[in-house]
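What follows is the residue order along each chain.
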Amino acid sequence: MFALALLLFQGGPPSLSASVDRDRVAVGEEVVLSVRAVSHSVEPLQVTLAPMNGFEVIGRSEQTEVSLGAGPTRVTTLEVELRALRAGVLPLGPVRARQGQQILQTGALKVTVTAGPGTATAATLSPRVKRILERAPPPSRGGKAAVSVLASADTVFVGEQVDVVTAAWFPRELRSQLRRPPTLQPPAAEGVWSYPQPVPPGIAASRRVGGTWYDLFVMHQVIFPLVPGQLRITEASLRYSVPVAVQFFSQEEPFTLESRPVTLTVRALPEAGKPAGFSGAVGRGIAIARSVRPAAGRAGEALNVDVAVSGRGNVALWPTPELVWPASVRAYTDKVDDQLATASGVMGGTKTFHELAVPDSVGTLVLPALRYPYFDLDTRSYRVAAAPATAVSVAEAPEAATARALPPELITDASAPLAERITTVVPAWLWALVVLLPPALALAQSARARRIVRRPRPSGISATGADRRLHAALRALVPDVDRYSGPALSSALRAAGIDATTAARVTAAREAYLAARYGPQPEGADASQLARELDELTERLGATSRRGPRRAALASLLLLTLASGVRAQTNPEQLYHAGALRAAADGFARRARAEPDVPAHWYALGAAQYRLGAEGAATAAWLRAARLAPRAAAVRRALRMVPAPDDESAHREWIAPVTPSELALAALACWLLGWTFFLRGRGRIGARVVGLVGAALVIGCAAFALADWYREPLAIVADAEPLRLSPHGRAPELASLAAGTAVRPLRQDGGWWLVRAEEARTGWVPAAAIMPVHD
């Protein structure tokens, strides 16, 4: 009976299936082998994969699901990600499974691997790497993996290219046993400029050694030595793990192999024959060229002068050529571009130095010839690349440019407004604490007043006035002084900065006064002496409290001064005054993005755009500056130079005379002052308290309303642009938007914006046609 129950519980026999996601791939592409094993028994089920020659295992995942119904069912799914390494019809499988005495086996799956485009073979390697691999030694031990580091040369000059190739030999039979790809760590070297190079995936070469096939995998990097001497290239390491058994969860034995280090001799550049002006350029076939855009210029307008140095070598380390400018030209460095290229394994490219030249006189501008000395690695000697002189015709500036009204001078204060700095630096939780603290103190004071049991106040105490003055001085130092007495009062005074002797005297005098006033004995001849003691302590405490605010104010002023700093003028201002307006606008734009709370940056950007004729971009930048500094005279005058084309745009461009931050700080000041009068009046609500708290609420609502107005998306139409029905250039036109029209951006779709224009009309305009006012 027990055997029958066990047989029913075990269920039917196991099943095994295997499949691939596709049966035709190219070399280097991936294929997934899926194996599904179903078991209805509690006995373990072992699945074994046959060697997968021609494929590389790049990933492996396994999942098991167990269900208990009429009998236990275990479904194991194994997925193996493979990469094809060579062309042909390659078999996958068979897959075998063993459970007790039962053995299951699937048929072999065939995958056709074609040698199509992108084949990862040795043919895709550069000729330099191929020549290095021909010298790669085969493994010395049969059937074992090996790793070595090879260099293209053992003696080189400073700045000469050295190819470092890491070669890892793997027996095919060993690689088929790995569950995960091996890890190859390339070597390192100090005192070099390094460029890692891409290598084709898969096998770079194959070789038969002693009856065993080995596959070669490589890593490639290019280095340029920077200093002469002995250059040591460290060891490369190869790590892999081999399963000790065929079961899925069997242990793996790790292996780590290291190559031998490589030492190169780096020679210094020779001193003999070194030309004048040589600054360290090293390469092969270096040439220099110069181009000027536009070919003819005008006085006061910037010319783009590009000097390109091209050839083979380490482009990044080629120095700047010596440029000589005529006295009538003001020159400014713009940027440097590097374009790398590799030909037959040799690195090179072009390094372009962009300069801006502003001529200040009419006539023919002659730019002198260029010389670029360098050390040529082909001839092992110094050479000089040269470019001829260039003549540029410079005409007078157009009359329209001189007759056009210029915006006001640039704002020199390159700092954010004080209100913006305060509201930005202080976190939101601290603002909330400052706002909620006075009402909390008022509630605490009211609750304490209800708990105090008042004693009858005797009359005729001559020291009462002196104690009242002392009490006021104490409250300036310890706001809740009524809660302390005896040693607690002394400790509170010490914490407020009072010395121990004075704190002890104050405590003793207060205790003496309270005993004389509320004690059973009447106040006698010592009342006048007690009053003098209280007045003396009051004067001493008052001097201490007066010194404290001065020190705090001085510290605050010092911190504010350090925070504001002094910003020196940089290239954008110089370019602006020199007439290089496009470069100046780019510089001001970078500053505005880095410091968006500084109105001077936005005003300068608008001034540069206005002088370039981009009035829409100028309006957007000046509106941003006006929102930060609404009372700045230069900003107000500049905005009058670009009036709105319609009433709706004028309404949307409205700027308040104050900023939301200033309103918020004013509301906070009224709020704190009103609650201060309330607390000092012991909870009496007077006209001052009502007026100040009411003003705080009104000003605070105005601050929120103005901030919400400025948060509304706003953009300015740069040039006259049609408003279209849909986001493409051939869509029907709904209306024509004049330059300077203020619109509300609603949403973006690719390179188009849906905007709301005047009279609540919505339509699409190109993204490049509008200039946003907000971020």
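Residues numbered from 1 in each chain as written. Predicted model: local features only at pLDDT ≥ 70, side-chain atom pairs only at ≥ 80, totals over all residues. Heavy atoms only, no water.

### Observations regarding the nonpolar core
Inference 1: Among the nonpolar cores identified, the biggest contains 45 residues, and Tyr576, Phe588, Tyr603 and Trp622 are the most heavily contacted of them.
Inference 2: Counting only elements with at least two residues in this core, the list comes to strand S26 (346-359), helix H11 (571-578), helix H12 (581-594), helix H13 (599-611), helix H14 (615-628), helix H15 (633-640) and helix H18 (687-711).
Inference 3: It is H14 that contributes the most residues to this core, eight residues altogether.
Inference 4: When residues no more than four places from it in sequence are discounted, the contact partners of Tyr603 are Pro407, Pro408, Glu409, Leu410, Ile411, Trp622, Ala625, Ala634, Val635 and Ala638.
Inference 5: If you look at the next biggest cluster of nonpolar residues, it comprises 28 residues, including Val147, Ala151, Val158 and Leu184. (Core = buried A, V, L, I, M, F, W, Y, C linked by side-chain atoms within 4.5 Å. Buried < 20%, exposed > 50% of the residue type's maximum accessible area, 1.4 Å probe, protein only. Helix = DSSP H or I, 4+ residues; strand = E, 2+ residues; numbered from the N terminus. Contact = heavy atoms within 4.5 Å.)

### Topic: the sheet that holds strand S7 (residues 88-92)
Inference 1: The sheet built from three strands is open, its strands ordered S2-S10-S7 with mixed pairing. At either end of the open sheet lies a strand with only one pairing partner, and these are strand S2 (24-26) and S7. When the angles between neighbouring strand axes are averaged without regard to direction, this sheet yields 35°.
Inference 2: Note: S2 against strand S10 (residues 109-114), three bridges, orientation parallel. Each residue of the ladder has a partner; that of Arg24, found in S10, is Thr112. (Pairing = 2+ DSSP bridges. Axes fitted to C-alpha atoms, helices over the stretch in contact; angles between N-to-C directions.)

### Considering unusual backbone geometry
Inference 1: Put simply, Gly93 and Pro94 share a cis peptide bond, and its omega is 5°.
Inference 2: Position of Pro94 relative to the elements: it lies in the loop between S7 and strand S8 (95-99).
Inference 3: With an omega dihedral of -5°, the bond running from Arg293 to Pro294 counts as a cis peptide bond.
Inference 4: You can see Pro294 is positioned in the loop between strand S22 (282-293) and strand S23 (296-298).
Inference 5: At Ser344, a residue that is not glycine, the phi angle is positive and equals roughly 55°.
Inference 6: Considering the arrangement of structural elements, one finds Ser344 in the loop between strand S25 (329-343) and S26.
Inference 7: If you check the backbone angles, Arg380 has positive phi at about 55° while not being a glycine.
Inference 8: Along the chain, Arg380 falls in the loop between strand S28 (370-376) and strand S29 (381-387).

### Comments concerning the pairing of strand S16 (residues 205-209)
Inference 1: Note that S16 and strand S17 (residues 212-225) share five bridges and pair antiparallel. Within S17, the position partnered with Ala205 by the bridge is Leu216.
Inference 2: The antiparallel hairpin formed by S16 and S17 contains two residues in its connecting segment, where Gly210 sits at a positive phi of about 60°.

### Thoughts on a nonpolar patch on the surface
Inference 1: A cluster of nonpolar side chains, Trp193, Leu226, Val227 and Leu317, forms an exposed patch at the surface whose accessible area comes to about 330 Å².
Inference 2: For Trp193, the position within the fold is in strand S15 (residues 192-197). (Patch = residues over 30% accessible without salt bridge, like charges linked within 9 Å, V, L, I, M, F, W, Y side chains within 5 Å. Areas by Shrake-Rupley, 256 points an atom, 1.4 Å probe, with all protein chains shown as cover. Salt bridge = Lys/Arg side-chain N within 4 Å of Asp/Glu carboxyl O.)

### Quick word on the packing of helix H17 (residues 660-680) against H18
Inference 1: It is at 8 Å that the axes of H17 and H18 come closest, and there the two elements cross at 160°. Of the possible angle classes, the one that applies to H17 and H18 is roughly antiparallel. Along this stretch, H17 crosses H18, giving a crossing that reads as left-handed.
Inference 2: In terms of residue class, the contact of H17 with H18 is made up of 23 nonpolar, two polar and one charged. (Parallel < 35°, antiparallel > 145°, perpendicular 65-115°, else oblique. Left-handed = near helix turned anticlockwise from the far one by under 90°. Nonpolar A, V, L, I, M, F, W, Y, C, P; charged D, E, K, R; others polar.)

### Let's talk about the side chain of Ser237
Inference 1: One can find Ser237 in strand S19 (residues 237-243).
Inference 2: Leave out the neighbours within four places in its chain, and Ser237 touches Thr183, Leu184, Gln185, Leu257 and Glu258.

### Digging into the sheet that holds strand S27 (residues 363-367)
Inference 1: Taken in spatial order, the three strands of this open sheet run S23-S30-S27, and their pairing is mixed. Since the sheet does not close on itself, it has two edges, and those belong to S23 and S27, each with one partner. Between one strand axis and the next, the sheet turns through 35° on average, direction left out of account.
Inference 2: As paired elements, S23 and strand S30 (residues 390-395) share three bridges and run parallel to each other. Residue pairing in the sheet places Ala296 in a bridge with Ser393 of S30.

### Some remarks on the environment of Ser61
Inference 1: Examined against the element boundaries, Ser61 turns out to sit in strand S5 (residues 55-68).
Inference 2: Sequence spacing of Ser61 and Glu81 is 20 residues, and the spatial spacing of their C-alpha atoms is 8.6 Å.

### Let's talk about helix H2 (residues 127-134)
Inference 1: Buried residues of H2: Arg128, Val129, Ile132 and Leu133, and no others. With its buried residues spanning 135° around the axis, H2 presents them on a single face.
Inference 2: Considering only its buried residues, H2 is in contact with strand S11 (146-151), strand S13 (162-171), S16, S17 and S26. (Arc of directions from axis to C-beta.)

### What to know about the packing of aromatic side chains
Inference 1: On inspection of all chains with the given rule, the structure shows nine aromatic pairs.
Inference 2: Seen in terms of ring centroids, Phe170 and Tyr240 are 5.1 Å apart; in terms of plane orientation they differ by 70°. Their pairing is edge-to-face. Note that Phe170 is positioned in strand S13 and Tyr240 in strand S19, a separation of 70 residues in sequence. One exposure class covers both Phe170 and Tyr240, and it is buried.
Inference 3: Following the ring pairs from residue to residue traces out a cluster consisting of Phe157, Phe278, Phe375 and Tyr382.
Inference 4: In this structure, Arg611 packs its charged tip against the face of Tyr576, placed 4.8 Å from the ring centre. (Phe/Tyr/Trp six-rings, centres within 6.5 Å; stacked < 30°, edge-to-face > 60°. Lys NZ or Arg CZ within 6 Å of the ring centre and 35° of its normal.)

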